[in-house]
Amino acid sequence: MDVPVKLCTRCHKPVTKHYDDYELFEGMHWLCFHLEFEHNADPDEKCSDPGCPWWHIEVYRKRLRELHEDPEKVLEEAIAKLASE
Ligand SMILES: [Zn+2]
Ligand SMILES: [Zn+2]
């Protein structure tokens, strides 16, 4: 049985990952909801909301450096691995 397509009211693309939370996120993707209502900064930069994915990335980068790993090198290795798959 086909389920009806739910389109995001912000970016107009189909919502799939958080399909069941469509109403909870005001008819948007989770990320679109965050950017529309919670993100209080340039969309390309982290905001002060602990749910912000940019903020999450910064937390991980900081911890990698504490563990004496270079975040850029980790990314380069992942990209090389991706290209070889
Ligand atoms: Zn969207
Ligand atoms: Zn944010």
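Residues numbered from 1 in each chain as written. Chains lettered and ligands numbered in written order. Predicted model: local features only at pLDDT ≥ 70, side-chain atom pairs only at ≥ 80, totals over all residues. Heavy atoms only, no water.

Section: the overall build of the protein chain
Short version of the rule: Only runs of H or I of at least four residues qualify as helices and only runs of E of at least two qualify as strands under DSSP, and these elements are numbered from the N terminus. Atoms counted for the radius of gyration: C-alpha only. Globule rule: 2.2 Å times the number of residues to the power 0.38. Whether two residues are in contact is decided by their heavy atoms, any of which lying within 4.5 Å being enough.
Scanning the protein chain from terminus to terminus reveals three helices and zero strands. In sequence order, the protein chain lays out its α and β elements as α-α-α. The C-alpha radius of gyration computed for the protein chain amounts to 17 Å, which surpasses the reference 12 Å derived for 85 residues by more than 25%, pointing to a less compact arrangement than a globule. For the protein chain, the spread of C-alpha atoms along the principal axes amounts to about 45 × 35 × 20 Å. In the protein chain, the proportion of contacts linking residues at least 24 apart, taken out of those at least 6 apart, comes to 4%.

Quick word on the coordination of the zinc ion (ligand 2)
Operational definition: With water excluded from the atoms, a metal site may look incomplete; its donors are any N, O or S atoms within 2.8 Å, or within 3.2 Å for Na, K and Ca. In short, tetrahedral needs four donors with all angles between 85 and 135 degrees, square planar needs four and octahedral six donors with opposite donors over 155 degrees apart and all other angles between 65 and 115, and whatever is left is irregular. The buried label applies to any residue whose accessible area, calculated with a 1.4 Å probe on protein chains only, is under 20% of its type's maximum; exposed applies above 50%, and partly exposed to all values in between.
Protein-derived coordination of the zinc ion (ligand 2) comes from His-34 (NE2), His-39 (ND1), Cys-47 (SG) and Cys-52 (SG), at a distance range of 1.9 to 2.4 Å. One can describe the donor arrangement at the zinc ion (ligand 2) as tetrahedral, given that its four donor atoms subtend angles of 105 to 116 degrees at the metal. Positions of the donor residues of the zinc ion (ligand 2), expressed as sequence spacing, correspond to H-x4-H-x7-C-x4-C. Of the residues examined, His-34 reaches a relative accessible area of 0% and is grouped as buried.

Concerning the coordination of the zinc ion (ligand 1)
Bound to the zinc ion (ligand 1) on the protein side are Cys-8 (SG), Cys-11 (SG), His-29 (ND1) and Cys-32 (SG), at distances that span 2.0 to 2.4 Å. Geometry at the zinc ion (ligand 1) is tetrahedral, judged from the four donor atoms that bind it and their angles of 97 to 121 degrees at the metal. All donor residues of the zinc ion (ligand 1) come from one chain, and their arrangement in sequence is C-x2-C-x17-H-x2-C. A residue pair is termed long-range when its members are at least 10 positions apart, and Cys-11 in the segment before helix 1 (30-38) and His-29 in the segment before helix 1 qualify at 18 residues.

Observations regarding the side chain of His-29
What counts here: Definition of a polar contact: a pair of N or O atoms within 3.5 Å, with one able to donate and the other able to accept a hydrogen when the atoms are protein atoms, and with sequence-neighbouring residues admitted only if both atoms are side-chain atoms.
Polar side-chain contacts of His-29 include one of 3.0 Å to the backbone oxygen of Pro-14. If we ignore the near neighbours within four places in the chain, the residues touching His-29 are Cys-8, Cys-11, Lys-13, Pro-14 and Val-15.

Some points on the packing of helix 2 (residues 53-66) against helix 3 (residues 71-84)
Note the following rule: Fitting a line to C-alpha atoms yields each axis, with helices limited to the stretch in contact; the angle taken between N-to-C directions then spans 0 to 180 degrees. Working rule for angles: under 35 degrees goes down as roughly parallel, over 145 as roughly antiparallel, 65 to 115 as roughly perpendicular, anything else as oblique.
It is the contact of helix 2 with helix 3, at a shortest axis distance of 9 Å, that shows an interaxial angle of 105 degrees. In terms of axis orientation, helix 2 runs roughly perpendicular to helix 3. Residue-level inspection shows Arg-61, Leu-64 and Arg-65 of helix 2 in contact with helix 3, the latter providing Pro-71, Glu-72 and Val-74.

A closer look at unusual backbone geometry
The bulk of non-glycine residues show a negative phi, and the bulk of peptide bonds are trans. Located in the positive-phi region is His-12, a residue other than glycine, with phi close to 65 degrees. Looking at where His-12 falls in the secondary structure, it is placed in the segment before helix 1. Overall, the relative accessible area of 57% leaves His-12 in the exposed class. Despite not being glycine, His-68 has its phi angle at roughly 60 degrees, a positive value. Given a relative accessible area of 74%, His-68 falls into the exposed group.

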